[in-house]
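An overview of the molecular structure
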Amino acid sequence: MDEKYFEMKDLSVGYKGKALIHDICIDIQKGEIVTLIGPNGAGKSTILKSITRQLEIIGGNVIVDAMDIRNMSYKTLAGKMAVVLTDRIKAEMMTCHDIVATGRYPYTGRLGILTREDEEKVEAALRVVHAADLGHRDFKAISDGQRQRVLLARAICQEPDVIILDEPTSFLDVKYKLELLTILRRMAKENGITVIMSLHEIDLAEKISDKIICVSGETIFDYGTPEEIFREKHIRDLYNINNGHFDPMFGSMELPGPVGEPEVFVISSGGTGIPVYRMLQKQDRPFLAGILYPGDVDYHLAKILAAGVITEKPFHSISEETLQKALAGMEQCDTVIYAGTEIGEMNRRVQVLIDEAEKAGKLEIYETSHGD
């Protein structure tokens, strides 16, 4: 699946003839999932509405399957592209089945009469999004999350080559967010459907997307693979974050760590320190962490939340110099929390820290049950 299927060539988008974002040049392959991320008001919806002809294109071209969308009839475009936008649709006296059935209209005659095959595809689309029980319900009487699933069923029923979605997970609880994105991934990879969408949840965008479009300012901020985009400074600059951090390992946003002279020294490794770090963060108690190796999962969070991290080189035994740094850090703290760690030949000097903390009467043992 290496063919270029969807192109934005020198595209400019905006309103009333005025370009808000210009010089968009992006090629998307068939079957790729491409996600737009960026701050509110950056223009993600404007781009999506422009590439679906909801808004007039200010400049440049949008090419689908080697055809300019402005040269396509609406029926031809509907056969290529399905759209699920956040705008409310008018659905007076329509059941969910009726809404999904509109996805078949590009394939019906002038009278819009559905065949038995069309009806079967409507029912199949409802089953795919786990909404078969909603078919007889009034579309206006169901929840926002249920509506989102019904609208996705309509898009599936349309049998498009491209699906465009604007914030499809906004009104869904966690279960249905994951379910919807799983459906989209399956459609992309098994059926070769190209998915272009916007998401607010950047952790989910990182996990599902083949490519990421970063939208901020008058031009595209960046475009690339999740591995290229989801870096701490990159996300901080994109969203202009000055009151927290993005953790690329966990794909999560983190509130700032406590500020001030360290009060607590945390001994941990292999993830045992993470609940302790978060506990101290909530208590606004500055802390030190160590002795950690840079590849340790605790290290990645400690470097964001801790006032300082004592580290040793990967695959090296803890040196005397590193041990003395840790002992000096412990001495300036009132409390030492031992969160548990497996001690072996490489990190055997961690036991010295534990013993010295106990002698000083500073040692507290953190039990897992504390976080339950």
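My aim in this report is to walk through the structure given alongside it, one point at a time. (Residues numbered from 1 in each chain as written. Predicted model: local features only at pLDDT ≥ 70, side-chain atom pairs only at ≥ 80, totals over all residues. Heavy atoms only, no water.)

1. Remarks on the pairing of strand β10 (residues 219-224)
Where strand β9 (residues 211-216) lies against β10, five bridges are found, and the strand directions are antiparallel. Directly across from Ile212, in β10, lies its bridge partner Gly224. Two successive antiparallel strands, β9 and β10, enclose a turn made up of two residues, where Gly217 displays a positive phi of approximately 85°. (Pairing = 2+ DSSP bridges. Helix = DSSP H or I, 4+ residues; strand = E, 2+ residues; numbered from the N terminus.)

2. Digging into the packing of aromatic side chains
Inspection of every chain in the model, using the stated rule, returns two aromatic pairs. Measuring from ring centre to ring centre gives 5.9 Å for Phe230 and Phe246, while their planes differ by 40°; the resulting arrangement is tilted. Taken together, the positions of Phe230 in the loop between α8 (226-229) and α9 (232-239) and Phe246 in strand β11 (residues 245-247) put the pair 16 residues apart, joining distant regions of the chain. With respect to burial, Phe230 and Phe246 carry one shared label: buried. Plain terms: the ring middles of Tyr277 and Phe287 are 5.2 Å apart, the flat faces sit at 15° to each other, and that makes the pair stacked. Of this pair, Tyr277 sits in helix α10 (residues 274-283) while Phe287 sits in strand β14 (residues 287-292); the two residues are 10 residues apart in sequence, bridging distant segments of the chain. Owing to a relative accessible area of 0%, Phe287 belongs among the buried residues under this scheme. Lying over the aromatic face of Phe139, Arg147 brings its terminal NZ or CZ to 5.8 Å of the ring centre. (Phe/Tyr/Trp six-rings, centres within 6.5 Å; stacked < 30°, edge-to-face > 60°. Buried < 20%, exposed > 50% of the residue type's maximum accessible area, 1.4 Å probe, protein only. Lys NZ or Arg CZ within 6 Å of the ring centre and 35° of its normal.)

3. Let's talk about the packing of helix α12 (residues 320-331) against helix α13 (residues 350-359)
Following both chains from N to C, one finds α12 and α13 inclined at 25°, their axes separated by 10 Å at the closest point. Overall, the two elements α12 and α13 adopt an arrangement that is roughly parallel. Here α12 and α13 pass one another in a crossing that is right-handed. Contacts from Leu323, Ala326, Leu327 and Met330 of α12 reach α13 at Val352, Leu353, Glu356 and Ala357. Its residues placed into classes, the contact of α12 with α13 shows seven nonpolar, no polar and one charged. (Axes fitted to C-alpha atoms, helices over the stretch in contact; angles between N-to-C directions. Parallel < 35°, antiparallel > 145°, perpendicular 65-115°, else oblique. Left-handed = near helix turned anticlockwise from the far one by under 90°. Contact = heavy atoms within 4.5 Å. Nonpolar A, V, L, I, M, F, W, Y, C, P; charged D, E, K, R; others polar.)

4. Describing the environment of Ala307
Residue placement: Ala307 occurs in the loop between α11 (297-305) and β15 (308-311). Using a relative accessible area of 43% as the deciding quantity, one classes Ala307 as partly exposed. Considered as a pair, Ala307 and Glu261 are 46 residues apart in the sequence and their alpha carbons are 7.6 Å apart.

5. Focus on α12
Taking 1.5 Å of rise per residue, the 12 residues of α12 would be expected to cover 16 Å, and the 16 Å separating its terminal C-alpha atoms lies within 8% of that figure. Taken as a whole, α12 has its buried residues at Thr322, Leu323, Ala326, Gly329 and Met330. Looking down the long axis of α12, one finds its buried residues gathered within 125° of arc, a one-sided arrangement. Summarising the geometry of α12, the exposed residues directed more than 90 degrees from the buried face are Glu321, Lys325 and Glu331. Contact partners of the buried residues in α12: β13 (264-268), β14, β15, β16 (335-340) and α13. (Expected span 1.5 Å × (residues − 1). Arc of directions from axis to C-beta.)

6. Some remarks on the pairing of strand β2 (residues 18-29)
Alignment of strand β1 (residues 4-15) against β2, held across eight bridges, turns out to be antiparallel. What sits directly across from Tyr15, in β2, is Lys18.

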